[in-house]
Amino acid sequence: MKASFASAKGSGAFAGALGAFRTILRYRKGVFGLTVLVFFVLVAVFADVIAPHKPDEINLAEGYAVPAWFKMFPHYRDLPENVDIVAEGKGWSIRGEGLNPIVLGNTVVLTANGSKRLTVLLERSFDYPYSPPKGFYGALAYNVTVSGASGSSARIRLYLDTPSGSYLLYDSGSIAVNVSRFSTPVTFDARDASLKLALGFSLYDDLGEKLFTEKGAYKLRVIVYLNAVESGRVSVAVGRLYFRVRGLAYGLLGTDNLGADIFSNLIYGTRVSLLVGVLASVVSISLGLIVGIVAGYKGGIVDQTLMFFTDTLMFIPLIPLLVAVSVFIGKSLYLTILLIALFSWMGFARNCRAYVMSLRDRLFVEAARALGASDTYIIFKHILPQLSPIVYVTLVLNVPGAILLEASLSFLNLGDPSVPSWGRMLYNARYSGAFSRLMWWWILPPGVMITLLAMSFVLIGQALDEILNPKLRARRLS
Amino acid sequence: MDGLAKYLLRRAADRAAVLFVALVLQFAFLRVLPYYVLGIDPSFFFMNPNLTNEQRELIRKAFGLDEPLHVQFVKYVLALFTGNLGYSFYTRRPVIAELMERLPNTVVLLGTSTVLTLIIGLTLGLLLAMKRGTKFDTTFIGVSVLINSFPTFYLGLLLLLVFGFYLGWFPLAGSVSRPPPSDPVLYIADYLWHMTLPLLTLVTAGVGGYALLSRNLFITQMGEDYIITARAKGLDERTIMVKHVLRNVLPPVITIVALALPGIVSGAVITETVFSWYGVGRWLFEASTQFDYPVVQGVLFIEILLTVVSLYIADIVIAIVDPRVRLR
């Protein structure tokens, strides 16, 4: 292992990294850490494949849904999953007298000409096999075309027929003009207060519970009334009806308060944490390296000034400052990364400086100087390669700190709100009642992921440290 | 004694420099950067779209935003040091008054947790050093790696979930019951009951590092020649440990505590927020989400002041336990 480190000096950083990588595998904790890290990297790379949804998709099921696999247990067996009903075109059973409906793709066109009144029923039956849900929602697309003499009108109503009764979900009212609701279908939602009141329930009732009281056959019924005056013509095209009973059991880890898939969020969070950890570590190491080399190599007043700022920054409480700063300066992921890096380079700069100082007066440096080598040449050719072991180790060991800090900031709601990070998931859990609902499947996974990811870097870093820096072993313990 | 005074004076200058740089940073980040670079006006809370330009100027003037930057900075620092922290935009109360209500809670929580962490960490370190190489030792090292990878706020959340929500043994939020018990003994008991979980969080998060550190220091010291001499002299183990080993281990440990102080203050912001502790850290968090400039500035100042003062106390303690530093 000494050999691989020595060769790193000669053939550049890449070979050094490769050598370090090979030596990690000789240590058990290094192997373990690397395995976990590779797992996370794979998850991050293939997040789009693994996660069933995008992290910003909401309303996938009822908020606070439990994981779908809970249904294996008797207590949860009857819990409703999402019931999706799509009725269009030939999927309807159409009834109505004296009528020849035209079915065009997903559209049913109903027409009445010249002083004629028609009532057409479009029905779609479905089976509801679960215990009562909390809510449902849906959308209906239709088009009304009125032509000829004025006075013709149409009316569209949507009913839900349950074993206990029939409920009016939507009523268009009488329409005597052209209306197109194909691109913007009409929607109805069980959370809608006016719908609750119109159906005779109180504002605090869940319509799902009231309407889907028992298992059995349910029916969605669209009634189209066509009323054509003399020489008038009215035509209604009924498009797609979408109806969903929001499930109370969904996905691998259930849903959050907005009905977003927790599992998908968890998967996408890997990207954020890895990005923040690695990027912040790289930036802070670069800063520390520059300050450390300059201070250590130049010495004198430059050294004293730089070290004064380093020490001072080290003594300023980081999170209070970051809290204040990130609120006033705005929330962006890259700003967070920059701020984390800006306040975490000090320890490395000190280490680096001490090491450079010890190198500065070595014989090979003096020899180079005697031969007329410039400072830049000496720094890049003689000093920097010698620093590579501590750079690698600190690069790895700085990552967990950045990951934990980002998670903490996101947990304080100071992260980028558009980014699905693990800390943000925990913030949501804390402030939307996951705790009082005892939703451990929401609370545990993000923390476990943060811990595992941070731990993998710690283990790799420790293995690297033991291999590359036998002399610096004491530092590892601080 | 002359050396001690000189040392303490030099340290005081160092710590004052920390405070000064922190103030400059605070001023740059909270005043200069948002207003002069990003164009966020701290007086927007008082701005009404219907105001005329003259009225806007008046409001800006009231905030001192019309003056040149260096004048603003001097006024700012003077105001901070004379205890004039302004009025909260949100509650319209003097910041200093509200601060005095909350500061004791933070100091009690942080003080207790630091002392406890230190005691438990040192004891554990000693225990580990005496049993080095055993299964107990290796297990503990493994566990401490795990705890170090654990975000503190998450540890707090888990404790809250298990002991607060599942088992219901401890309160879910706050630092005293509402209404607080009138009997002083009951009041203290109630306060301690509320403090248990945050304290447990802070201590658990901190103890592993100290234990490992002091373990290694103990092991190094126990292998020194003077310990062998002491043993050869026939001193009993207890005396060797307390008089010789512990005395030599303390200075580096205190230095580490001093270095960890900013982290302790930082950690308190999160822990106080998790447990809704009525302290300064949580206030900072709440105030920043409410864009309450005076409170944020005031609390940040107090937290930095707290850190610097604790650092200086650590300096004094080190000077007492380790006379060598006076000569440096």
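Caption draft 1: A look at the overall build of chain A. Counting its regular elements, chain A contains 14 helices and 12 strands. For 478 residues, the compact-globule formula gives about 23 Å, and the C-alpha radius of gyration of chain A, at 33 Å, lies well above that figure. Dimensions of chain A along its principal axes, counting C-alpha atoms only, are 110 × 55 × 40 Å. Looking at the 478 residues of chain A, the share that counts as buried comes to 42%.

Caption draft 2: Examining the overall build of chain B more closely. Of regular secondary structure, chain B possesses 11 helices and zero strands. Along the longest, intermediate and shortest principal axes, the C-alpha atoms of chain B span 90 × 55 × 40 Å. Classification of the 328 residues of chain B by burial places 33% in the buried group.

Caption draft 3: Expanded view of the sheet that holds strand β11 (residues 216-228) of chain A. Residues and elements named next belong to chain A. If you walk across this open sheet you meet the five strands as β2-β5-β11-β7-β8, and the pairing is antiparallel. Each of the sheet's edge strands pairs with one partner strand only, and the pair in question is β2 (93-95) and β8 (165-171). Strand-to-strand, the axes of this sheet are offset by a mean angle of 25°, without reference to chain direction.

Caption draft 4: Structural context of the packing of helix α6 (residues 262-298) of chain A against helix α9 (residues 333-342) of chain A. All names here are of chain A. Running from N to C, α6 and α9 cross one another at 40°; their axes reach a closest spacing of 8 Å. Between α6 and α9, the angle is such that the two are oblique. The hand of the α6/α9 crossing is right-handed. Listed contacts from α9 to V276, L279, A280, V283, S284 and L287 of α6 are T336, I337, L338, I340 and A341.

Caption draft 5: View of the interface of chain A and chain B. In this assembly, 35 residues from chain A lie in contact with 43 residues from chain B. Of all the secondary-structure elements, those providing two or more residues to the side of chain A that touches chain B are α8 (318-329), α12 (375-411), α13 (422-431) and α14 (440-468) of chain A. Classifying every residue of the side of chain A that touches chain B gives 27 nonpolar, seven polar and one charged.

Caption draft 6: Local environment of the packing of α6 of chain A against α12 of chain A. All names here are of chain A. Contact pair α6 / α12: the axes reach a minimum separation of 7 Å and the direction vectors enclose 145°. The chirality of how α6 crosses α12 is right-handed. Judged by residue contacts, S273, V276, G277, V278, A280, S281, V282, S284, I285, L289, I293 and Y297 of α6 engage D375, I379, I383, V391, T394, L395, N398, V399, A402, I403 and E406 from α12. Grouping the constituent residues of the contact of α6 with α12 by class yields 15 nonpolar, six polar and two charged.

Caption draft 7: Here's a closer look at the environment of A190 of chain A. Mapped onto the secondary structure, A190 of chain A falls in the loop between β10 (186-189) and α4 (193-198). Setting aside its immediate chain neighbours within four residues, A190 of chain A contacts G135, F136, Y137, D206, L207 and G208 of chain A.

Caption draft 8: Looking closely at the pairing of strand β12 (residues 232-245) of chain A. Residues and elements named next belong to chain A. Taken across its 14 residues, β12 has 10 buried, putting it largely inside the fold. In the sheet, strand β1 (residues 83-87) pairs with β12 via five bridges, with the strands oriented antiparallel. If you follow A87 over to β12, its bridge partner there is L241. In the sheet, strand β4 (residues 107-113) pairs with β12 via six bridges, with the strands oriented antiparallel. Bridging from a neighbouring strand, V109 pairs with A237 of β12. Here strand β6 (residues 136-148) runs beside β12; their pairing, made up of 12 bridges, is antiparallel. Counterpart to G138 in the pairing with β12 is F243.

Caption draft 9: The arrangement of the confidence of the model for chain A in detail. Residue and element names in this part refer to chain A. Mean pLDDT over chain A works out to 86, with 93% of the residues at or above the 70 mark. Averaged over each element, pLDDT in chain A is lowest for helix α1 (residues 2-24) (55) and highest for α6 (93). Ignoring residues within four places in sequence, the model shows residues 472-478, a span with pLDDT below 50, making eight contacts including any to other chains.

Caption draft 10: How the structure looks around helix α10 (residues 346-360) of chain A. Residue and element names in this part refer to chain A. Under the 1.5 Å per step criterion, the end-to-end length of α10 is 21 Å for 15 residues, consistent within 8% with the ideal 21 Å. Along α10, the residues classified as buried are M346, F348, A349, C352, R353 and V356. An end-on view of α10 places all buried positions within 140° of arc, on one side of the element. Where α10 is buried, its residues meet α6, α7 (300-314) and α12.

The rules we used
Residues numbered from 1 in each chain as written. Chains lettered and ligands numbered in written order. Predicted model: local features only at pLDDT ≥ 70, side-chain atom pairs only at ≥ 80, totals over all residues. Helix = DSSP H or I, 4+ residues; strand = E, 2+ residues; numbered from the N terminus. Rg over C-alpha atoms; globule rule 2.2 N^0.38 Å. Buried ≥ 20, exposed ≤ 12 C-beta atoms within 10 Å, placed from the backbone. Pairing = 2+ DSSP bridges. Axes fitted to C-alpha atoms, helices over the stretch in contact; angles between N-to-C directions. Parallel < 35°, antiparallel > 145°, perpendicular 65-115°, else oblique. Left-handed = near helix turned anticlockwise from the far one by under 90°. Contact = placed C-beta atoms within 7 Å. Nonpolar A, V, L, I, M, F, W, Y, C, P; charged D, E, K, R; others polar. pLDDT = per-residue confidence, 0-100. Expected span 1.5 Å × (residues − 1). Arc of directions from axis to C-beta.

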